[in-house]
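# Structural overview for review
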Amino acid sequence: MKVSEVLKSNTPSLSLEVFPPKKETSFDSVLSAAKKIASLSPSYMSVTYGAGGGRSRFTVDVASNIMREYDTTMVAHLTCVSSTREQIDEQIGRMKETGIDNILALRGDIPADAPAREEWSFQHASELVTYIKKQGDFCIGGACYPEGHPESEHIMVDISHMKEKQDAGLDYFVTQMFFDNNVLYNYLFKMREAGITVPIVPGIMPFTKKSQLKSIKDLSGSFLPQRFIQMVDRFGDDPETMEQAGIAYATDQIIDLYANGINHVHVYTMNNYHVASAIRKNLSHILKIDIGED
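To start, this report covers the structure provided alongside it. As the structure is a computational prediction, the values presented were derived from the model and not from experiment.

## Overview of the overall build of the chain
Within the chain, the regular secondary structure consists of 12 helices and nine strands. Taken against the 2.2 N^0.38 rule, which gives 19 Å for 294 residues, the C-alpha radius of gyration of the chain at 18 Å falls within 12% of a compact globule. With respect to the principal axes defined by its C-alpha atoms, the chain has extents near 50 × 45 × 40 Å. Across the 294 residues in the chain, those meeting the buried criterion constitute 52%. Of the contacts formed within the chain by residues at least 6 apart in sequence, a portion of 79% connects residues at least 24 apart. Within the chain, one finds 29 positive and 38 negative side-chain charges whose respective centroids are separated by 1 Å.

## What to know about the side chain of Ser13
Its location among the elements puts Ser13 in strand 1 (residues 13-18). Relative accessible area serves as the criterion here: at 10%, Ser13 is assigned to the buried category.

## Considerations on helix 3 (residues 56-70)
Taking 1.5 Å as the rise per residue, helix 3 with 15 residues should run 21 Å; its terminal C-alpha atoms sit 22 Å apart, in good agreement. Buried residues of helix 3: Ser56, Phe58, Thr59, Val60, Val62, Ala63, Ser64, Asn65, Ile66 and Met67, and no others. Along its buried surface, helix 3 packs onto helix 2 (27-38), strand 2 (45-47), strand 3 (74-79) and helix 4 (85-98). Phi for Asp71, located one or two positions after helix 3, is positive at around 50 degrees.

## Regarding the sheet that holds strand 8 (residues 203-204)
A sheet is described by the order of its strands in space; here nine strands give the open sequence 7-6-5-4-3-2-1-9-8, paired in parallel fashion. Since the sheet does not close on itself, it has two edges, and those belong to strand 7 (200-201) and strand 8, each with one partner. When strand 8 meets strand 9 (residues 264-268), the two strands line up parallel, connected through two bridges. Looking at the pairing, Gly203 lines up with His266 of strand 9. Contacting strand 3 and strand 4 (102-106), helix 4 crosses the sheet at an angle of about 175 degrees to strand 3.

## Topic: the packing of aromatic side chains
Applying the stated criterion to the full structure yields five aromatic pairs. Centre to centre, the rings of Phe122 and Tyr131 are 5.2 Å apart; their planes meet at 65 degrees, and the pair counts as edge-to-face. Residue class for Phe122 comes out buried when judged on its relative accessible area of 2%. With a centroid separation of 5.4 Å and an interplanar angle of 80 degrees, the aromatic rings of Phe228 and Tyr249 are classed as edge-to-face. Of this pair, Phe228 sits in helix 9 (residues 226-235) while Tyr249 is found in helix 10 (residues 239-259), placing the two residues 21 residues apart along the sequence. Site record: aromatic cluster; members linked through ring pairs are Phe179, Phe207, Phe228 and Tyr249.

## A short note on the side chain of Asn102
Looking at the secondary structure, you find Asn102 in strand 4. Taking relative accessible area as the criterion, Asn102 reaches 1% and is therefore assigned buried. Only 3.1 Å separates the side chain of Asn102 from the backbone oxygen of Met1, close enough to count as a polar contact.

## Some thoughts on the pattern of salt bridges
Within the structure shown, the criterion is met by eight salt bridges. Across the pair Lys35 and Glu69 runs a salt bridge whose closest N-O atoms are separated by 2.7 Å. One end of the pair, Lys35, is in helix 2; the other, Glu69, is in helix 3, with 34 residues separating them in the sequence. Close ionic contact of Asp61 with Arg94 constitutes a salt bridge, the shortest N to O distance being 2.5 Å. Taken together, the residues Asp61 in helix 3 and Arg94 in helix 4 connect sequence positions 33 residues apart.

## Details of helix 7 (residues 181-193)
The end-to-end C-alpha separation of helix 7 is 19 Å, in line with the 18 Å expected for 13 residues at 1.5 Å each. Considering only its buried residues, helix 7 is in contact with strand 5 (139-144), helix 6 (155-168), strand 6 (172-175), strand 7 and helix 10. Put simply, Asp180 is the residue that caps the front of helix 7, since its side-chain oxygen is 2.9 Å from the backbone nitrogen of Asn182. Remark: Gly195 follows helix 7 within two positions and exhibits a positive phi of approximately 90 degrees.

## Quick notes on the packing of helix 7 against helix 10
Relative to each other, helix 7 and helix 10 sit at 35 degrees, their axes nearing to 10 Å. Pair helix 7 / helix 10 crosses with right-handed handedness. On the side of helix 7, the interface is formed by Asn181, Leu184 and Tyr185, while helix 10 contributes Gln253, Asp256 and Leu257. Grouping the constituent residues of the contact of helix 7 with helix 10 by class yields three nonpolar, two polar and one charged.

Conventions we followed
Residue positions within a chain follow its written sequence, with the count starting from 1. Only residues with pLDDT of at least 70 are given local features in this predicted model, and only at 80 or more are side-chain atom pairs given and counted; all residues enter the totals for whole chains, interfaces and linings. No hydrogens and no water enter the side-chain calculation; it runs on all heavy atoms of the structure. Helix and strand definitions here come from DSSP, where helices need a minimum of 4 consecutive H or I residues and strands a minimum of 2 consecutive E residues; each element is numbered from the N-terminal end. Throughout, radius of gyration means the C-alpha value; the globule benchmark is 2.2 Å times the number of residues raised to the power 0.38. Burial classification: accessible surface area is computed with a 1.4 Å probe over protein chains only, and a residue below 20% of its type maximum counts as buried, one above 50% as exposed, and the rest as partly exposed. We call two residues contacting when some pair of their heavy atoms lies within 4.5 Å. Counted charges follow a simple rule, with Lys and Arg positive, Asp and Glu negative, and His plus the chain ends left uncounted. By convention, the charge on Lys lies at NZ, on Arg at CZ, on Asp at CG and on Glu at CD. By definition here, a helix of n residues has an expected span of 1.5 Å times n minus one. Strand pairing is assigned whenever DSSP identifies at least 2 bridges connecting the two strands. Under this scheme, a helix contributes an axis fitted over its contacting stretch, all axes are lines through C-alpha atoms, and angles between N-to-C directions fall in the 0 to 180 degree range. Pairing of aromatic side chains here covers Phe, Tyr and the six-membered ring of Trp, requires ring centres within 6.5 Å, and sorts the geometry by plane angle: under 30 degrees stacked, over 60 edge-to-face, intermediate tilted. Here a polar contact is taken to be a pair of N or O atoms separated by no more than 3.5 Å, where protein atoms must pair a possible hydrogen donor with a possible acceptor and residues adjacent in sequence count only if both atoms sit in side chains. Each salt bridge in this description consists of a side-chain nitrogen of Lys or Arg and a carboxyl oxygen of Asp or Glu lying within 4 Å of one another. Left-handed describes a crossing in which the near helix is turned anticlockwise from the far one by less than a right angle; the clockwise case is right-handed. Under the scheme applied here, ten amino acids are nonpolar (Ala, Val, Leu, Ile, Met, Phe, Trp, Tyr, Cys and Pro), four are charged (Asp, Glu, Lys and Arg), and all others, including Gly, are polar.

Structure (structure tokens):
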């Protein structure tokens, strides 16, 4: 099934993201963790793609394995930063061979050893979207940034780039993490005002470890509301308590999104089955699912 079909439903749904292994020696353990998460029967799953091809060769392997075993709708990420057209063609070819028809098209983070930008085959994600559209009948998603892309001078400039992605043929967006739903609601208003009409799926990152705080600030620059800061200050030094509090915080965000008419939410699981399962259990009646022995 294509993600665009999933997003047409007015019934609340939950999709989950996993990442592939960094090294071949870790493949079996990472695949096992991803399969456990697939056993939670998400509306769809996505598998990330390493910047500069770091983990790219495992993305389709993980996605196709899960799709075969669990009949789960899968999304394979595809990053064009510093990738050659031949490398992109190879990945698209592998997706066709394995029956994956959902792609999340990204520019990606620029690796330190990337060649000069003028040497890239694709300068922007919108160019990758256009290229993929010519290669087959894929459902194509893309990333958007409720607080603006870190490299963008202004959020409205960033939103104009989102419009370019939509005009290139994008079917839906998934947002970067955020920890204050009001940030998202304001962003959605701006996106619709700019003429962006495709579905926008909120991306939720469960914050379960105090050590995640630095990477969140460095990578996303997300606004951290006072209640989030107080949660970390109170519970951050006790790992088990912090995990429980973080699961509750993410659940609260998701419930608020559902209550405000946003039916489809994507969770960045960090390959953590326990966290994904706990959130799903908290939402079982809303999602109308049988949690069984979870």
